[in-house]
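# Working through the structure, step by step
Listed below, chain by chain, are the residues.
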Amino acid sequence: MEKTFAKRYWPTIVGTIIGAIGGYLYWRYVGCSTDTCPITSSPLNITLWGTVMGGLLGNILQPKN
């Protein structure tokens, strides 16, 4: 059953992982220098935001049967 789940939802899983990495890298290299940005001031916030957005994008791009 695990293979079926991973095969079925692979775009969402990959999107989630890429979004999390992208969110962290955005915080690390771009971020907010004044600490007044609610999303980019904390690595946890921007990583979670990237994870959610990546998962949603992966879900949208997932082929439907």
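Bear in mind that the values here come from a model prediction, so they are computed numbers and not experimental data.

## Re a nonpolar patch on the surface
A contiguous nonpolar surface patch, about 920 Å² in accessible area, is contributed by F5, I13, I17, I21, Y24, L25, Y26, Y29 and V30. With seven residues, the top contributor of residues to the nonpolar patch is helix α2 (residues 10-29). Within the fold, Y24 resides in helix α2.

## Here we look at the side chain of Q62
Here Q62 shows up in the segment after α3 (43-61). A polar contact is formed between the side chain of Q62 and the backbone oxygen of R8, at a distance of 3.0 Å. Each residue touching Q62, except ones within four places of it in the same chain, is listed here: R8, Y9, P11 and T12.

## As for the packing of aromatic side chains
All chains considered together, the criterion is met by one aromatic pair. Measuring from centroid to centroid gives 5.7 Å for Y24 and W27, while their planes differ by 40°, and the two rings are tilted. With Y24 and W27 both in helix α2 and three residues apart, the pair spans about one turn of that helix. Given the relative accessible area of 38%, Y24 is considered partly exposed.

## Some points on α3
Relative to the 27 Å expected for 19 residues at 1.5 Å per residue, α3 spans 27 Å between its end C-alpha atoms, a close match to the ideal helical length. Those residues of α3 not exposed but buried are I46, T47, G50, G54, G55 and G58. Taken around the axis of α3, the buried residues stretch over an arc of 165°, which confines them to a single face. Tucked into the core, α3 has its buried residues touching α2.

Rules of the game
Residues numbered from 1 in each chain as written. Predicted model: local features only at pLDDT ≥ 70, side-chain atom pairs only at ≥ 80, totals over all residues. Heavy atoms only, no water. Patch = residues over 30% accessible without salt bridge, like charges linked within 9 Å, V, L, I, M, F, W, Y side chains within 5 Å. Areas by Shrake-Rupley, 256 points an atom, 1.4 Å probe, with all protein chains shown as cover. Salt bridge = Lys/Arg side-chain N within 4 Å of Asp/Glu carboxyl O. Helix = DSSP H or I, 4+ residues; strand = E, 2+ residues; numbered from the N terminus. Polar contact = N/O pair within 3.5 Å; in protein donor to acceptor, adjacent residues only side chain to side chain. Contact = heavy atoms within 4.5 Å. Phe/Tyr/Trp six-rings, centres within 6.5 Å; stacked < 30°, edge-to-face > 60°. Buried < 20%, exposed > 50% of the residue type's maximum accessible area, 1.4 Å probe, protein only. Expected span 1.5 Å × (residues − 1). Arc of directions from axis to C-beta.

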